[in-house]
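Residue-level listing of the chains:
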Amino acid sequence: MQHPLTELNGLTPRRRFLGKIAVGAAALTALSVPFDLSASPTASPDRLDRADPDAWFSQLKGKHRLVIDVPRPNEILPFAWPRVFLMTNIATGTPEKENNVIVVLRHDGIPFAFEDRIWAKYKFGEAFKIHDPKTKAPATRNPFWKPTTGDFTVPGLGNVDIGIDQLQASGVMFCVCDVAMTVYSAALADGGDPAEIKKDWMSGLLPGIQPMPSGIWAVGRAQEHGCSYCFAG
């Protein structure tokens, strides 16, 4: 029987990439290594301790709580829904600080957890089919990190503050799936050492992004802590 990866040779680069992911996902059934806390970047004063993902959820003290599940890019929706949730709760009498939103970046949604350097170096725009809203070409930057005024406008609302940094300033919490980072960094290693590639990725996580053992683990934990569920993919 031919090895599954051998059968990928005649496919387009995108399909070969997705094929590698499918093979890697199947291999997860044999995964026995626990979440490597030492692989997480050292916490700095502006970041909660990344060595304890369970403790991260202790921040949830708001009256209204929502977890937004982002398994794939979906235009502006993964970042618009947190802002809409906050705006409409404010409009109905709950101050912004009394609401909690968690955005879980998992599966194909993990690129948004990284800085521009990682996007450009590993060609995230091509690999994940994410286009830059300004150039309409495959993105070589994270379009939702520190956008400028006018980058995102919505009819009837005008300019909307849906950048990750803008949402973080409003108390929105972001986390990213460690399993997906492991699988995708290996798939994009292109002959390099997967462990070194992942180390590079981890060094390029945006400030305030919390690695989680898995995205689905984080979705479950958020609901255990009183968050309602919203699918944004």
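Relevant structure appears above.
What counts and how
Residues numbered from 1 in each chain as written. Predicted model: local features only at pLDDT ≥ 70, side-chain atom pairs only at ≥ 80, totals over all residues. Heavy atoms only, no water. Helix = DSSP H or I, 4+ residues; strand = E, 2+ residues; numbered from the N terminus. Buried < 20%, exposed > 50% of the residue type's maximum accessible area, 1.4 Å probe, protein only. Contact = heavy atoms within 4.5 Å. Areas by Shrake-Rupley, 256 points an atom, 1.4 Å probe, with all protein chains shown as cover. Axes fitted to C-alpha atoms, helices over the stretch in contact; angles between N-to-C directions. Parallel < 35°, antiparallel > 145°, perpendicular 65-115°, else oblique. Left-handed = near helix turned anticlockwise from the far one by under 90°. Pairing = 2+ DSSP bridges. Core = buried A, V, L, I, M, F, W, Y, C linked by side-chain atoms within 4.5 Å.

Visitor: Would you mind going over the overall build of the protein chain in detail, with residue names and values included?
Guide: Across its full length, the protein chain holds 9 helices and 7 strands. Out of the 233 residues belonging to the protein chain, those deemed buried represent 45%. Here the contacts in the protein chain between residues at least 6 apart in sequence split such that 69% fall between residues at least 24 apart. By element, 56% of the accessible surface of the protein chain is carried by carbon and sulfur atoms, the whole surface being about 11700 Å².

Visitor: Which residues make up the packing of helix 7 (residues 178-187) against helix 8 (residues 194-203), and what values go with them?
Guide: At a minimum axis separation of 8 Å, helix 7 and helix 8 run at an interaxial angle of 125°. Considering the angle they form, helix 7 stands oblique to helix 8. The handedness of the crossing between helix 7 and helix 8 comes out as right-handed. Contacts between helix 7 and helix 8 pair Asp178, Met181, Thr182, Tyr184, Ser185 and Ala186 from the former with Pro194, Ile197, Lys198, Trp201 and Met202 from the latter.

Visitor: Account for the sheet that holds strand 1 (residues 64-70), with residues named and values stated.
Guide: An order of 6-5-2-1-7 is seen for the 5 strands of this open sheet, with the pairing classed as parallel. Looking at which strands have only one partner, the edges of the open sheet turn out to be strand 6 (209-212) and strand 7 (228-231). Strand-to-strand twist across the sheet, computed as the mean angle between neighbouring axes with direction ignored, equals 25°. With 4 bridges joining them, strand 5 (residues 173-177) and strand 6 adopt parallel strand pairing. Looking at the pairing, Cys175 lines up with Gln210 of strand 6.

Visitor: Report on the nonpolar core, specifying residues and quantitative values.
Guide: Residues Phe114, Phe124, Phe174 and Trp201 are the most contacted members of the largest nonpolar core, which totals 47 residues. No other element matches helix 7, which puts 5 residues into this core. Non-local contacts of Phe174, meaning those with residues more than four positions away in its chain, are made with Trp56, Phe79, Val103, Leu105, Ile164, Leu167, Gln168, Gly208, Ile209 and Gln210. Phe57, Val67, Val219 and Ala222 belong to the second-largest nonpolar core, a separate cluster that totals 13 residues.

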